[in-house]
Amino acid sequence: MSKKLNGTVIVTYRCNARCNMCNRFKAPSRPEDEISIETIKKLPEMYFTNITGGEPFIREDIKDIVRELRKKSDRIVISTNGFFTDKIIDLCKEVPDIGIRISIEGLEQTNNEIRGLPDGFNRGYTTLKKLREMGMKDVGFGMTVQDRNAPDLCELYKLSDELDMEFATASLHNSFYFVEAKNIIKDRPMVAQNFENLVNMLLKSNSPKKWFRAYFNHGLINYIYGQKRLLPCDMSFDTFFIDPYGDVMPCNGTKDKEVMGNLNDQTWDELWNSEQAERVRKVVRCCDRDCWMIGSVSPAMHKYIWVPAWWVIRHKFKALFMKKPYSMYELKVVRDYRDGKVSKEELDKCSTCDFNAVANNGLKDCGGCGCDK
C-alpha cells in the first residue's frame, strides 16, 4: 500500500473578499471550469486535506465535495472567511468532525479594512462562536500578519485562547496563487517584535501543540528577514495541491504555476509517477523562495521532528527561569540588522517581492478576467 499524502484542494478561485495582500478576486475561476466530484474521486488516500479557495463556501456543492473527501482523508480542515454563516453551520451539523479555520486579520476595524468585507469581523467571529456552541472542537482563527495588523497579533491570540480555539498564523507571500508579486513587510523589527511576544506567550502555555506553534512563528521571523528555511521543503514528494482546473501542483508558493499533471485527464498513479511530475520535483529541489507557510512547514515539522523538538526543549527549559525565554535576536540576521551590519535594502532584495514583476494568475486562460496585474 502506498503511503498517505498531505493534500490541499483549491475548489474555486472565486472570492467575495477584497484582501489587500491577495488579488485572487480579480482573477476568479469560472464555475463551469471548476473541479468536479468525478475528479475528486480520483484523488489518493490522504492523512490530511485542506479545502480552500478563493472562498470554498461559494461552491454550491461544497457538501458533496466534503462527503467525497471524507472517504479519502483521515482529517479535513476548511479555510474560509466565515462570511457564509448559515452554509458553514449547515455543513458542520452534518459533518461535525471536520475542522474550520476562519481568516480574521486583526481586531474589528483592522480586519474589515484588510479584508474589504463590510462587517466581516462580526460575521466571522459570530460563525466561530456558533460553531463552538454546537460543540465543534476543531475550530479556530487564521491570521496573515503584515505591517497593518501586527499590533493586533497578540490580542487576537488572547481572544482565541479565551475561547479555547486554534490560532494559526502566516505572513505575506508572493505567488501565482495570490496573483501578487509586491507583498513585503516594511517595518521588520516591529512585526518581528509582535511575533516574539506571541512566541513567548505560546511557550508559557501548558499545551505542547502551542510550543511547536511557537517554533513555527520563530520561523516566520526568519522568513520576513529573507533567510533560508529552517527546515527542508518536500512539497511534491509527500504533499500536493490541486487547483480548480484539476492541475496538480507541488504547492501554492511558486512564482509561476508548476503543473505535475491534470487529474481530469489522468489517473492519480499516471500523474504522480509521470516524467512531468519528476521535472517539477527537480524544480522544487532547486527552489529558492524559502516560503514558510503551514502547508509546507507542518509536514516538514513532522518529518524532521527532532529539529523543532530540540528548539522546544531548549526554550521550555529557559522558561523555567526567564519571563521571556525567546528573543528574536537569537537569529543572526536580526542582530545584524539592529547593529547596522545589513541594510533594509539588502533584506528587501532577499524577499520574493518584485515591484517590476507581472504576477502570473494560474488561470486556465486569462480572457476577460479583469486582472490588472
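Above this text you will find the structure in question.
Residues numbered from 1 in each chain as written. Predicted model: local features only at pLDDT ≥ 70, side-chain atom pairs only at ≥ 80, totals over all residues. Heavy atoms only, no water.

**Q** Account for the side chain of His-315, with residues named and values stated.
**A** Position of His-315 among the secondary structure elements: in helix H12 (residues 306-319). For His-315, a relative accessible area of 0% translates into the label buried. Side-chain polar atoms of His-315 contact the backbone oxygen of Trp-311, separated by 2.8 Å. When neighbours within four sequence positions are excluded, His-315 is seen to be in contact with Leu-203, Pro-325, Tyr-326 and Glu-330. (Helix = DSSP H or I, 4+ residues; strand = E, 2+ residues; numbered from the N terminus. Buried < 20%, exposed > 50% of the residue type's maximum accessible area, 1.4 Å probe, protein only. Polar contact = N/O pair within 3.5 Å; in protein donor to acceptor, adjacent residues only side chain to side chain. Contact = heavy atoms within 4.5 Å.)

**Q** Give a detailed account of the pairing of strand S4 (residues 99-103), specifying residues and quantitative values.
**A** Within S4, four of the five residues are buried, which leaves the element mostly enclosed by the surrounding structure. The pairing of strand S3 (residues 76-80) with S4 spans four bridges and is classified as parallel. Bridge pairing in S4 places Ser-79 opposite Arg-101. Running through helix H3 (residues 85-94), the crossover from S3 to the neighbouring parallel element S4 is right-handed. Taken together, the four bridges between S4 and strand S5 (residues 139-145) define a ladder with parallel strand orientation. For Ile-102, the partnering residue across the bridge sits in S5 and is Phe-141. (Pairing = 2+ DSSP bridges. Right-handed = clockwise from strand over helix to strand, strands pointing away.)

**Q** Tell me about the side chain of Thr-80, residues and numbers included.
**A** Checked against the element boundaries, Thr-80 lands in strand S3. Reaching out from Thr-80, the side chain makes a polar contact with the side chain of Glu-55 at a distance of 2.9 Å. With residues up to four places along the chain from it excluded, the contact list for Thr-80 reads Glu-55, Phe-57, Ile-88, Ile-100, Arg-101, Ile-102 and Ser-103.

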